[in-house]
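# Fold and geometry: a report
One-letter residues, chain by chain:
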Amino acid sequence: MPELPDLQAFSYNLDKKLAGKTVKQAAVINAKKLNVSHQELQDTLEGQKLDKVYREGKELYLKFSKGDVLGLHLMLHGKLFLFEGKNEHKYPIIELHFTDGNGLVLTDFQGIANPTLNPEEKESPDALSQDAGVDYLTQRLQKTKTNIKTVLLDQKIIRGIGNAYADEILWHAGISPFSISNKLPGDKIKDLVKSIHIVLTEAEKAILKSNPDIINGEIRDFMYIHNSKKTHSPKGEEIKVKEGTRKTYYTEEQELYT
DNA sequence: GCCCGTGTTTAGGA
DNA sequence: TTCCTAAACACGGG
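Description of the structure in this document. In every chain, residue numbers begin from 1 and rise along the written sequence. Lettering for chains starts from A, numbering for ligands starts from 1, and both go in the order in which the items are written. At least 70 in pLDDT is required for a residue's local features to be given in this predicted model, at least 80 for side-chain atom pairs to be given and counted, and no such filter applies to totals for whole chains, interfaces and linings, which use all residues. Side-chain descriptors were evaluated using all non-hydrogen atoms of the structure, hydrogens and water having been removed beforehand.

Counting residues in hydrophobic clusters, the biggest one holds 64 residues, and the most contacted among them are Leu41, Leu192 and Ile196. Strands here are runs of E lasting at least two residues and helices are runs of H or I lasting at least four, both read from the DSSP assignment and numbered beginning at the N terminus. No other element matches helix α6 (residues 186–210), which puts nine residues into this core. As annotated, the domain borders come from an automatic or database domain assignment. Summarising the domain contributions, this core has at least three residues from each of domain 1 (4–117) and domain 2 (134–250). With near-sequence residues (within four places) excluded, leucine 192 lies in contact with Leu137, Ile148, Leu152, Ile169, Leu170, Ala173, Ile175 and Leu184. We call a set of buried Ala, Val, Leu, Ile, Met, Phe, Trp, Tyr and Cys residues a nonpolar core when their side-chain atoms join them within 4.5 Å. Accessible area is worked out with a 1.4 Å probe on protein chains only. A residue is then buried under 20% of its type maximum, exposed over 50%, and partly exposed in between. For this analysis, residues touch if any pair of their heavy atoms sits within 4.5 Å.

Right, here's the structure in full:
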C-alpha cells in the first residue's frame, strides 16, 4: 500500500541495485491487464540492459537501453522483491530475470498490480514536477467545485498523491479537506503547492533514513494526522476522522473555504 | 483472533 | 453534466 514517497524510495534503491543489468527473461505469470502479449513483452525486453528505475505518478518505470519502458503499478498490495536464481515469493505477477542470476519479482495476493509496456505519456503533471505549480493548480481548481481532497486524489489532475498523504498535505497547508476547490483563495493555493512538495520530499527522506534499503512495504509511523495511533496534532488540536470509502483525518486548525 | 487499509474501475443514484 | 457513494478485488500486518 505504498504511496508516492515510498515509491520514490523504492525507485532509488532499485536503480542502485539493478541499473546496468541485462534482461535474460521477462516472465509474466498473472497480469490480466498487461497491454501486450506475454510473448511480446519477453521478446521486447530480452537482451536489453536496464538503464534506470524511476517513479512516475504512482508507477515505477524501468527504462531499458533501446528506449522501451516497463511501468509497474503496485495498486493496493503490490510488492517487489529481489531474488537469486528462482523466485520463491508467493503471488507473482511478473518476474524479470537478469543474466547475472539476480531477479526482480512483483507480487500481489489480489492479483491487481499490473505491468504496462511503454505506457502512454500522461497529460496530468506529477505531484513533484514543476508543471504542478501555482499557475497550473489555480486554473485547474477553478474548473471544479468538488472538495479539495478529491481533487488531490484525482490522477487526471495531479499524479501521485494517495489517501494518506492527501490528509497530511492538507493539514500542513492549513486547508480543510472539505473546502470547495474553486473557493480557495490564491495565497492558499500557493501554500498548497508548497505543502505538496515539503510533505512528500520530507517523507521520502524520513523513509530512506529509517529504511535505507527499502523496496517494498510502507512506512507511515511519522505521519502527523493520517495516523490511527495519534489523537492530537503537533499543535495539540484533536484529530477528527470522517468515515467514507476511505478515511479522512483532519483537525479544526484547517480552514474551511466554501 | 480480529480489524484495518491502500488504488482503481464500475455501477447506480441524486 | 457533474458529483457522490458503495462495492469489488482478497489477504497481511499489527
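What follows picks up the thread again.
Moving on to the pattern of salt bridges. Criterion for a salt bridge: a side-chain nitrogen of Lys or Arg within 4 Å of a carboxyl oxygen of Asp or Glu. Counting across every chain of the model gives 11 salt bridges. Between glutamate 56 and arginine 159 there is a salt bridge; the shortest N-O distance is 3.1 Å. On the criterion of sequence distance, the pair formed by glutamate 56 in strand β2 (residues 50–56) and arginine 159 in the loop between α4 (148–153) and α5 (163–173) is long-range, its members being 103 residues apart. With relative accessibility at 26%, the residue glutamate 56 sits in the partly exposed group. What makes arginine 159 buried here is its relative accessible area of 10%. Close ionic contact of glutamate 202 with lysine 205 constitutes a salt bridge, the shortest N to O distance being 3.4 Å. Remark: lysine 205 and glutamate 202 occur in helix α6; sequence separation between them is three residues, near one turn of the helix. Residue classification places glutamate 202 among the partly exposed residues on the basis of a relative accessible area of 44%. Among the residues examined, lysine 205 registers a relative accessible area of 54% and is labelled exposed.

A word on α5. For α5, the tally of buried residues reaches 10 of 11 residues, placing the bulk of the element in the interior. The complete set of buried residues in α5 reads Asn163, Ala164, Tyr165, Ala166, Asp167, Glu168, Ile169, Leu170, Trp171 and Ala173. Contact partners of the buried residues in α5: α1 (4–18), α4, α6 and β10 (248–250).

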